[in-house]
Structures are given as structure tokens and as C-alpha cells.
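Chain by chain, the residues:
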Amino acid sequence: MENFNYHNPVHVLFGKGTIAGIGKVIPRGFKVMLTYGGGSIKQNGVHEQVTRALRDHEVVEFGGIEPNPCLETLTLAVERARRENIGFLLAVGGGSVIDGTKYIAAASCFRGADPWDIVAKGARVDAALPLAAVLTLPATGSEMNCNSVITRRATREKLSFSSRHVFPRFSVLDPETTYSLPRHQVANGVIDAFVHVMEQYYTSRHGDEIQDRFSEGILKTLVELGPRLVDEEPEYQSRATFTWAATVALNGLIGCGVPQDWATHHIGHELTAFHGLDHGVTLAIVLPGVMQVTAGSRRGKLLQYAERVWGIDPARPDAAGLAIERTERFFQRLGVKTRLSDHGIGAETIDRVVHRFRERGVYALGGLDDVNVDNARETLATRL
Ligand code: NZQ
Ligand code: ZN
């Protein structure tokens, strides 16, 4: 298994009909485990396309990976992968299936007592089963990055790990697989990609114009495209643009060499852990709060964002506030409710979230220290 030799340098197979080619890039002689979620791939024909492409491979299936993939389910897959001597994992689905499969890949090769230590204690990942993905939901970028976010239902923890060993050997991005997405999942995907860019862009004014312009290009594309994606019938070119925007939003390109934050994600993960809210929804709630509390410390960048993404004159005295308002209104335009109270969440959750960060002994919640345990309460209070 560890000697798996990947001959094809292609990382992304992009476009209509590309699923048909996966049989050629997964070597024979390995037992493949096809992992998937709650069954959408059986309704939209993706499962059929994948199994047809793999007709000459030995394939076993593991379904039932839930949104916000759970350790409890994934542990069953790890046991099965070990028992059946699986040599290759193929994740078919959204970020949850891909992230869950990354955990299965790492945990199957883990030599310590408890693979959860990879996530909870940052235990080193020295090896993983090779994996690839057929993406059906543009959002997380998991198809082209080393990250995985796992939930432990029993303790209501949602935590992440990252390892180069779980970087997909290749990913198939066929925009047509997204046609069956419900409207709210499209909205979640647009918001997730948007906030991934913001976490790597809305920081300091570092002067790396290429990185900034890449980010602004993705943000503007999402602003322009988002409403059409949720309002109109699926159409190839806009789905292709959406798919690629979400991938490049978190495949390492725009974050290379620049400061990053991720406070919005860390706070958002706690809202999912406590209340089960969709990942994208938590980000739409939290980002305007983070922007509010950092409007002073990141003023220069906020005004740049206002001008370049929203066309607001930075000389206007209300430019910063207007940019935050436009951002929130954009999320609402996609049909997402952006207040905690819209989701029946009150001040007690804010207490629990802040308590959790204190327990973990962290100060800065992201890469910059202007969103921290001391102002986390204020950040969330602006979102009630
Ligand atoms: O489970 P199935 O039946 O497949 O249905 C899924 C699920 O109910 C459905 N779906 C996916 N593709 C579909 C479809 N329904 C119809 N047609 C299709 N083509 O959509 C629902 C949500 O899927 P999920 O995979 O949970 O969504 P998403 O891609 O937004 O992933 C969210 C997870 O990724 C993590 C999040 O925290 C969350 O756990 N993230 C992973 C990241 C990473 N690996 O880099 C970064 C992100 O910031 C994020 O944290
Ligand atoms: Zn995200």
C-alpha cells in the first residue's frame, strides 16, 4: 500500500464527462473503497457514472458519511478498510465526504492507539491510504487541499487536521454533477468560497498586489455569479465558473506568502458543533461580526475591499460600514439568514463558545490577534 506509485501528474480532471476517465488514473490491482454520503449520488446519476468507469476495478462501497462527517461513522469505515485490505479510497460527494475520506485514509495507517489523536492532539500523520475525489458540491476546496474537518458527536467537538499525505491524488470536477444541488447548498457553497477568500485577504495591507488581485477577482466573480446561481436553472458555464472559483479559493494559491486569519471559521465551527448549523450559514453569521470588531485595526484593508470589490468610494466617511453592510446583504440575497436569533440562538451559546476557547487556552482565534478570546463575546454579540 505504502508503495502506491502514482504515475499520472494530473491533479484536476475538469469538465463535462470527465468521470468516465477515472478508471485510467486509478491503477488496477488495488481494492478501491468508494465512499459517499446520504445518497444524492444515487439520485443524480453520479454513482452510476463512477461505477461504470470503475467496472474493471475491484470496488467496495461505504455510504452514509453525514454532513459535518462524524468520527463515529468514519471509525466503521476505518475498520472495514483495514479488514478488507483497501488500497485506494475514492470519495464521491461534497466536502464532508472528502474530509471524512481523508480521515479514513490517515486513520487506517495510524500506528498509535487512537486515531482521533490525529485530530484532537495533532498526532503526526506519517502515511495515509491514497485517495482521490469526485466533487459534487463546490464549496470547501477539499478536493485540492490537505485539510479535513471532523466532528465528534459524543463530545460535540468539530476540529481539523492537515497533512500532505491526504492531499487527493486527483480530483474530478464535472460542473454537471452540481445541477442536482438544492438552492440552499449552492448558497452555502458560494458563501464558503467567499469567506475562504476573505480569511486570506481581509487581513493587513501587505502590498502583495498579485495575491490581493487574485482574491478580489474571486470575490467579484462570486458577487456577480451568486444570485444567478441560486435564482436560475443550472447552466454549464456558470456552474463551471462556480466550481473553479471554490477550488482556487482554498487550494493554497491565494494564501501563499500572505497573512491569514481563519477566526470566522473557528467561531463558525463552534456554532455547528453546538447547533448543527450548515458550515456556510455559520460563516454568513460570523464574518460581519469579525469585520465589525476589526474595522479599526484593519481599516486600510477594509477600505481597499470596499473600493475594489464593491465599488464604494473609500473617501466616504461611511465606506467601511457600507462594505460590511453590503457583505451581509449579499449573503442574505442568497437566501441565508445572517443573525443568530434567526436560528433561535441566544446569548447562552455565546457564553459556551467563549468558555470553550478559554478552556483550550488560545488567545488569538485566527492568525491575527485582533479577534481573540477577549473580544469573541463582542464579535458574536453584534450578531444576535
Ligand atoms: O450526503 P449527500 O446525500 O451526498 O448530500 C449532500 C449533503 O446533504 C448534499 N449534496 C452534495 N452534493 C450534492 C448534494 N445534493 C444534491 N446534489 C449534489 N450534487 O449536500 C449536503 C451537504 O454536503 P457537505 O459535503 O456536507 O457540504 P460541504 O461541501 O459544504 O462540506 C461541508 C464540510 O466541509 C468542511 C465543513 O466544516 C463541513 O464539515 N470544510 C472543509 C474544509 C476543507 N477540507 O478544507 C474547509 C471548509 O472551511 C470547511 O470547514
Ligand atoms: Zn469553510
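Everything that follows concerns the structure shown earlier in this document.
In this text, all values refer to a predicted model and were calculated from it rather than measured experimentally. (Residues numbered from 1 in each chain as written. Chains lettered and ligands numbered in written order. Predicted model: local features only at pLDDT ≥ 70, side-chain atom pairs only at ≥ 80, totals over all residues. Heavy atoms only, no water.)

Draft legend 1. The arrangement of the pattern of salt bridges in detail. A complete count under the given rule lists 25 salt bridges for this structure. Glu270 is the salt-bridge partner of Arg360, the closest N and O atoms lying 2.9 Å from each other. Taken as a pair, Arg360 in helix 14 (residues 347-360) and Glu270 in helix 10 (residues 263-275) lie far apart in primary sequence, 90 residues in all. The class of Arg360 is partly exposed, set by a relative accessible area of 37%. For Glu270, a relative accessible area of 2% gives the class buried. The partner of Arg383 in a salt bridge is Glu328, and the shortest N-O contact between them spans 2.9 Å. Placement of the pair is Arg383 in the segment after helix 15 (376-381) and Glu328 in helix 13 (residues 319-333), with a sequence separation of 55 residues. Here the residues in one salt-bridge network are Glu209, Arg213, Glu216 and Arg308, joined through shared partners. (Salt bridge = Lys/Arg side-chain N within 4 Å of Asp/Glu carboxyl O. Helix = DSSP H or I, 4+ residues; strand = E, 2+ residues; numbered from the N terminus. Buried < 20%, exposed > 50% of the residue type's maximum accessible area, 1.4 Å probe, protein only.)

Draft legend 2. Inspection of the side chain of Asp370 at higher detail. With respect to the secondary-structure elements, Asp370 resides in the loop between helix 14 and helix 15. Residue classification places Asp370 among the buried residues on the basis of a relative accessible area of 17%. Residues contacting Asp370, with those up to four places away along its chain left out, are Thr294, Ser297, Arg298 and Asn375. (Contact = heavy atoms within 4.5 Å.)

Draft legend 3. Here's a closer look at the coordination of the zinc ion (ligand 2). All of the protein donors around the zinc ion (ligand 2) are Asp192 (OD), His196 (NE2), His265 (NE2) and His279 (NE2); their distances to the metal are 2.0 to 2.2 Å. Between consecutive donors of the zinc ion (ligand 2), the numbers of intervening residues give the motif D-x3-H-x68-H-x13-H. Here Asp192 is found in helix 7 (residues 183-201), whereas its partner His279 is found in helix 11 (residues 279-293), with 87 residues between them in sequence. A relative accessible area of 2% means that Asp192 is categorised as buried. Judged by its relative accessible area of 17%, His279 is buried. (Donors = N, O, S within 2.8 Å, 3.2 Å for Na, K, Ca; no water.)

Draft legend 4. Seen up close, the site of ligand 1. Around ligand 1, the structure places 32 residues, and the nearest of them are Gly38, Gly95, Ser96, Asp99 and Lys158. Within the side chain of His269, one N or O atom sits 3.2 Å away from an oxygen atom of ligand 1. A total of 960 Å² of accessible area belongs to ligand 1 in isolation, and the protein chains cover 89% of it. Secondary-structure elements contributing two or more residues to the shell around ligand 1 are helix 5 (95-108), strand 6 (147-152), helix 7 and helix 10. Here the shell around ligand 1 spans two domains, since at least three of its residues come from each of domain 1 (11-177) and domain 2 (182-381). (Near = heavy atom within 4 Å. Polar contact = N/O pair within 3.5 Å; in protein donor to acceptor, adjacent residues only side chain to side chain. Areas by Shrake-Rupley, 256 points an atom, 1.4 Å probe, with all protein chains shown as cover. Domains from an automatic or database assignment.)

Draft legend 5. A look at a nonpolar patch on the surface. A cluster of nonpolar residues, Ile210, Phe214 and Leu253, forms a patch on the protein surface that exposes about 280 Å² of accessible area. With respect to the helices, strands and loops of the structure, Ile210 is situated in helix 8 (residues 209-231). The class for Ile210 is exposed, based on a relative accessible area of 58%. (Patch = residues over 30% accessible without salt bridge, like charges linked within 9 Å, V, L, I, M, F, W, Y side chains within 5 Å.)

Draft legend 6. Representation of the environment of Thr151 within the structure. Within the secondary structure layout, Thr151 lies in strand 6. Sequence separation between Thr151 and His269 is 118 residues; the distance between their C-alpha atoms is 9.4 Å.

Draft legend 7. Geometry of the pairing of strand 3 (residues 59-62). Burial along strand 3 is one-sided: Val60 and Phe62 are buried, while Val59 and Glu61, pointing the other way, are not. Alignment of strand 2 (residues 32-36) against strand 3, held across four bridges, turns out to be parallel. Bridge pairing links Leu34 to Glu61 in strand 3. (Pairing = 2+ DSSP bridges.)

Draft legend 8. Inspection of unusual backbone geometry at higher detail. Of note, the phi angle at Asn85 is positive, near 55°, even though the residue is not glycine. Among the structural elements, Asn85 can be located in the loop between helix 4 (71-83) and strand 4 (88-93). Positive phi values are uncommon outside glycine, yet Trp262 reaches one of about 75°. Topologically, Trp262 is positioned in the loop between helix 9 (236-249) and helix 10. Take Trp262: its relative accessible area is 17%, and that puts it in the buried class.

Draft legend 9. Spotlight on the packing of helix 7 against helix 11. Where helix 7 meets helix 11, the closest approach of the two axes is 8 Å, and the angle between their N-to-C directions is 40°. Between helix 7 and helix 11, the angle falls in the class oblique. Crossing angle aside, the handedness with which helix 7 passes helix 11 is left-handed. For the pair helix 7 and helix 11, the contacting residues are Asn188, Ile191, Asp192, Phe194, Val195, His196 and Met198 in the first and His279, Gly280, Val281, Leu283, Ala284, Leu287 and Met291 in the second. Residues belonging to the contact of helix 7 with helix 11 are distributed by class as follows: nine nonpolar, four polar and one charged. (Axes fitted to C-alpha atoms, helices over the stretch in contact; angles between N-to-C directions. Parallel < 35°, antiparallel > 145°, perpendicular 65-115°, else oblique. Left-handed = near helix turned anticlockwise from the far one by under 90°. Nonpolar A, V, L, I, M, F, W, Y, C, P; charged D, E, K, R; others polar.)

Draft legend 10. Fine view of helix 3 (residues 46-53). Those residues of helix 3 that fall on the buried side of the exposure criterion are Val46, His47, Val50 and Ala53. Relative to the axis of helix 3, the buried residues are bounded by an arc of 135° and lie together on one face. On the buried face of helix 3, the contacting elements are helix 1 (22-25), strand 2, helix 2 (40-43), strand 3, strand 4 and strand 5 (131-135). (Arc of directions from axis to C-beta.)

Draft legend 11. Seen up close, the packing of aromatic side chains. Scanning the model with the defined rule gives six aromatic pairs in all. Aromatic side chains Tyr201 and Tyr305 sit 6.4 Å apart centroid to centroid with 55° between the ring planes, which places their arrangement in the tilted category. Placement of Tyr201 in helix 7 and of Tyr305 in helix 12 (residues 299-310) is noted, with a sequence separation of 104 residues between them. For Tyr201, a relative accessible area of 0% gives the class buried. (Phe/Tyr/Trp six-rings, centres within 6.5 Å; stacked < 30°, edge-to-face > 60°.)

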